[in-house]
Every structure is written in structure tokens, then in C-alpha cells.
Amino acid sequence: MTYVTITTWENADGVDYDQTMKKITETRLPALRNLGASRVTVVRTSERTSAAITEWPDAATRDAAETAIAAVRNKVQSEDFSRMTGEMKGEVVADV
């Protein structure tokens, strides 16, 4: 069954959102795909915030990538000046 993580992020004050998203799109999102994610979608939710929705084939694939995901998140925080503000995750139980 498909598994999804939804993380919310906030850019530091004064950080250029478009420049940050360019770097994340070019480096961080492909890293998640290489770890087994089947799709990654980023939604801009305000001037400085985003939500990242990552779809995985199953919980086992996501869990196997846990350590590497933590490394990607640390780089987003330390190099892209964006902090994670929340996380939700779980198995997809309905889809249209």
C-alpha cells in the first residue's frame, strides 16, 4: 500500500524563496527519488513556507531510507536555510 509523508517547511527571514526552491528541486528532490520515493510534490503555502508531499511505494521502502532522509533534511536546514516545522506520515487509505 502506498505510503505518504507530508513535511512543512519555513524559509529563514530574508532568504530568497525562488533561489531556495531551485536548489531543492535540483538536488534534494532527486535525492528522495533515488531513495525510492515514487513522487515528490512541493506546494508553496505562503511567502516563506512550503509543504512537501512525498509518495513511497510502501512503508518498508520509506523506513529503509530513514537515515538518508534525515541527512537530506539536515542539508535543507543547514545549507538551504529552511527549517522543518512539522511532519505527518501514513498509509494511503483512499484515493480518487
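Structural notes, computed from the coordinates.

So, how was this worked out
Residues numbered from 1 in each chain as written. Predicted model: local features only at pLDDT ≥ 70, side-chain atom pairs only at ≥ 80, totals over all residues. Heavy atoms only, no water. Core = buried A, V, L, I, M, F, W, Y, C linked by side-chain atoms within 4.5 Å. Buried < 20%, exposed > 50% of the residue type's maximum accessible area, 1.4 Å probe, protein only. Helix = DSSP H or I, 4+ residues; strand = E, 2+ residues; numbered from the N terminus. Contact = heavy atoms within 4.5 Å. Pairing = 2+ DSSP bridges. Phe/Tyr/Trp six-rings, centres within 6.5 Å; stacked < 30°, edge-to-face > 60°. Lys NZ or Arg CZ within 6 Å of the ring centre and 35° of its normal. Expected span 1.5 Å × (residues − 1). Arc of directions from axis to C-beta.

## Details of the nonpolar core
Most often, soluble globular proteins have nonpolar side chains that are buried together. In terms of nonpolar packing, the biggest core is built from 14 residues, with I24, L32, A37, V40, W56 and I69 touching the most fellow members. Elements represented by at least two residues in this core include exactly β1 (3-11), α1 (17-34), β3 (49-56) and α3 (66-79). If near-sequence neighbours (up to four positions away) are discounted, L32 is found in contact with A37, V40, T54, W56 and I69.

## Observations concerning the pairing of strand β2 (residues 39-44)
Bridge analysis of β2 against β3 gives six bridges, and the strand direction is antiparallel. Across the sheet, the residue bridging to T41 is I53, located in β3. Taking the residues that link successive antiparallel strands as the turn, the β2-β3 hairpin has four residues.

## Points about the packing of aromatic side chains
Enumeration over the complete set of coordinates arrives at zero aromatic pairs. The ring of Y17 has R44 sitting right over it, with the charged end atom 3.6 Å from the ring centre.

## Focus: α3
Given a rise of 1.5 Å per residue, 14 residues ought to cover 20 Å, and the 20 Å separating the end C-alpha atoms of α3 matches this to within 8%. Turning to α3, its buried residues are I69, V72, R73 and V76. Down the axis, α3 shows its buried residues gathered within 95° of arc, on one side only. α3 presents T67 and N74 as exposed residues on the side facing more than 90 degrees away from its buried surface. Looking at the buried positions of α3, the neighbouring elements they touch are β1, α1, β3, α2 (59-64) and β4 (82-91). Looking one or two places after α3, you find F81, whose phi comes out positive at around 55°.

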